[in-house]
Amino acid sequence: MEEEVKRNETSLDMAIIFSDIDIELNYKIRLVSEGRGFSLPDADNMWADGADCRGGQMVFGLQYPGGQTKCPVNTYFHSGFLSLQLLVEHTWLKIKNIQHEMPDILIEQLPKDQFTGGQETVLRSIIPLYLAISMSQFLNPMLMVVVLEKEKKIKESLRMVGLRDSVFWLSWFFVYGFLISIISTIGSLLINFLVFDVTKSYWIVVFLLMFEFGLSIIMFAFIMTTLFSKAKSAGISGALSILLISCLYYLQVYLEDSPVWVFWLLGLLSPTAFAMSMDKILTFDLRGIPLSNEAIWDAGDNGIPIGGAMIMIAIDIVLYLFIAAYLDNVIPTEYGTNRPLWFFLMPSYWMDKTPKKSRIGGAGVEISSPDMEPVPQSMQGSEAIVIEDLRKVFKGLNNEPVYAVNGVSLKIYTGEITAILGHNGAGKTTLFNMLTGMTSASSGSAHIFGYDISDHNQMEEIRKFTGICPQHDVLFDELTPREHLKYFGRIRGILESELEAEVESILEDINLTEKGDAITEKLSGGDRKSTRLNSSHARYL
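What you are looking at is a predicted structure, and each value in this text was computed from that prediction instead of being measured.

> Whenever I open this one, the sheet that holds strand S6 (residues 401-413) confuses me. Can you help?
Backbone hydrogen bonds are what pair the strands of a sheet, in a parallel or an antiparallel way. Spatially, the four strands line up as an open sheet ordered S6-S5-S7-S8, and their pairing is antiparallel. At either margin of the open sheet sits one strand with a lone partner, and together these are S6 and strand S8 (451-452). Strand direction decides the pairing type here: strand S7 (residues 443-448) and S8, joined by two bridges, are antiparallel. Paired with isoleucine 448 across the bridge in S8 is tyrosine 451. On the sheet, helix H16 (residues 428-435) packs against strand S5 (383-395), S6 and S7 and is oriented at approximately 115 degrees with respect to S5.

Structure follows, in structure tokens:
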């Protein structure tokens with residue numbers, strides 16, 4: 001049959017050669033292209049050049065082959081090859097299955113013309129992303145250091161001696177804020193004079209953008225620290241998140257017809273907003289547009305203007321601050337207590353935070369046992385700590401409850417020294433952690449001088465007059481014993497005029513006068529323990 005087709009090419013336009021139609025459909029279509037102006041593409045050529053199938057004259061929604069436009073794959077449609085193939089296969093399927101119906105088929109040309117990026121596109125694809133990543137390099141070390149303090153329980157230990165959360169976060173903010181001011185100054189000068197050509201007048205704008213972005217990264221780091229308890233995990237996640245968020249600015253580079261509100265919404269992500277603003281300045285530089293009020297508020301082809309990006313980053317700083325403060329209060333951690341999700345709606349959070357003591361003298365059920373010494377009449381009513389049925393439950397394997405503390409009831413009186421004894425795993429440390437707010441109780445109650453340990457505001461009052469020396473090491477390796485005592489003394493509120501003399505007195509009492517200026521990291525275990533113990537009681541130096 002194929003030989004017949006070849007001998008009669010001049011009189012035939014198309015031919016169908018069937019090999020088998022009983023069990024399976026096996027056939028060939030032969031198309032004579034001579035005189036048509038186009039021919040079917042080579043079967044070995046699986047694709048065409050990107051420019052061949054875009055634009056040109058459209059017939060039935062597809063580019064017509066011939067002339068200046070060539071799209072080889074469309075030849076199958078315009079030559080009738082696809083129509084004949086569809087007819088044959090539909091007829092065969094109809095014979096085999098009477099219920100077979102012709103499917104709806106839609107063929108569409110690629111909707112956009114070919115796009116070839118020039119020097120401007122290449123630079124816009126690299127420089128803004130590089131600047132965003134470069135400015136956020138301090139995020140990793142900051143995350144790891146702050147989360148490491150949480151991991152080593154230093155943060156919660158500082159809270160136990162009276163350090164306010166606001167002071168803790170402000171200290172990190174000022175340290176890295178100072179670093180960012182230096183980086184922004186040097187970086188903006190280098191960018192302005194080494195990268196940009198026309199827009200050298202944009203220096204102050206670049207500086208403000210870099211400084212704002214740096215502050216927003218600090219707030220972003222505060223949010224990240226509330227989500228992680230391991231320093232390494234926090235560092236890896238921080239770097240990856242900044243990289244992924246920064247890449248969203250490519251929408252401004254490549255999608256010219258995106259809605260404007262999309263870019264303003266992306267401005268809530270400060271890395272994206274910063275990258276988009278740098279992209280705008282770079283574009284103006286490449287196009288020779290100098291700094292002006294119109295340029296600051298010109299959105300260009302798409303995206304948001306430079307001034308809009310500055311506003312959005314400023315909003316991000318405040319927004320991230322509130323998110324970090326909220327998450328720090330509500331996310332439960334391995335150590336410390338958390339507030340309810342709606343804590344900011346509670347009147348007690350906004351009103352006077354000084355709680356009133358509860359009258360607990362004589363409260364609770366008195367337990368009589370031959371193993372217990374009767375409480376003298378003179379001590380009754382002078383309870384300092386009252387614990388009633390206090391429990392702490394953890395989840396074990398298969399979510400089975402594990403009771404670390406199981407129904408402890410105890411009264412501790414003023415003027416008395418009380419020791420808690422028990423074997424390893426008896427729950428001694430967990431009991432002290434609950435009394436000091438290191439961890440929350442599962443049930444039961446405890447009052448310290450009338451203050452309820454389950455109330456977050458009252459726990460802050462408890463920490464003002466209690467001291468604890470935890471099992472874990474909460475010392476700073478870079479500080480000396482003298483600096484530790486001064487540091488914790490200031491947190492406790494000791495007057496500066498009295499602090500120096502009291503610190504020297506304590507160093508002499510614990511035989512650390514000669515080692516008072518030695519780095520803590522080089523002290524022996526006993527000397528570190530003495531420093532830790534006296535730092536915990538800095539209120540009473």
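Anyway, onward from the coordinates.
> When you look at a nonpolar patch on the surface in this model, what are you seeing that I'm missing?
A cluster of nonpolar side chains, contributed by Phe178, Ile182, Ile186, Leu189, Leu190, Phe193, Leu194 and Val195, occupies part of the molecular surface with about 800 Å² of accessible area. Turning to its location among the elements, valine 195 is positioned in helix H7 (residues 165-195). Of the residues examined, valine 195 reaches a relative accessible area of 39% and is grouped as partly exposed.

> Teacher, can you tell me more about the packing of helix H12 (residues 270-286) against helix H14 (residues 306-330) here?
Relative orientation and spacing of two packed helices are given, respectively, by the angle between their axes and the distance between those axes. Their axes nearest at 9 Å, the elements H12 and H14 cross at an angle of 165 degrees. Comparing their axes, H14 and H12 come out roughly antiparallel. Crossing of H12 over H14 shows left-handed handedness. On the side of H12, the interface is formed by Ser270, Ala273, Phe274, Ser277, Lys280, Ile281 and Phe284, while H14 contributes Ile306, Ala309, Ile313, Asp316 and Tyr320.

> I tried to follow unusual backbone geometry on my own but got confused; where do I start?
Excluding glycine, most residues fall at negative phi; most peptide bonds, likewise, are trans. Despite not being glycine, aspartate 389 has its phi angle at roughly 50 degrees, a positive value. Topologically, aspartate 389 is positioned in strand S5. Phi at phenylalanine 449 is positive, roughly 50 degrees, even though this residue is not glycine.

> Whenever I open this one, the pairing of S6 confuses me. Can you help?
Side-chain direction in a regular strand flips from residue to residue, so the side chains alternate between the two faces of the sheet. Of the strand pairs in this sheet, S5 and S6 are connected by ten bridges, and their pairing is antiparallel. Counterpart to arginine 391 in the pairing with S6 is asparagine 406. Between S5 and S6, which pair antiparallel one after the other, the connecting turn spans five residues, and asparagine 398 there sits at a positive phi close to 55 degrees.

Cut-offs applied
Residues numbered from 1 in each chain as written. Predicted model: local features only at pLDDT ≥ 70, side-chain atom pairs only at ≥ 80, totals over all residues. Heavy atoms only, no water. Pairing = 2+ DSSP bridges. Helix = DSSP H or I, 4+ residues; strand = E, 2+ residues; numbered from the N terminus. Contact = heavy atoms within 4.5 Å. Axes fitted to C-alpha atoms, helices over the stretch in contact; angles between N-to-C directions. Patch = residues over 30% accessible without salt bridge, like charges linked within 9 Å, V, L, I, M, F, W, Y side chains within 5 Å. Areas by Shrake-Rupley, 256 points an atom, 1.4 Å probe, with all protein chains shown as cover. Salt bridge = Lys/Arg side-chain N within 4 Å of Asp/Glu carboxyl O. Buried < 20%, exposed > 50% of the residue type's maximum accessible area, 1.4 Å probe, protein only. Parallel < 35°, antiparallel > 145°, perpendicular 65-115°, else oblique. Left-handed = near helix turned anticlockwise from the far one by under 90°.

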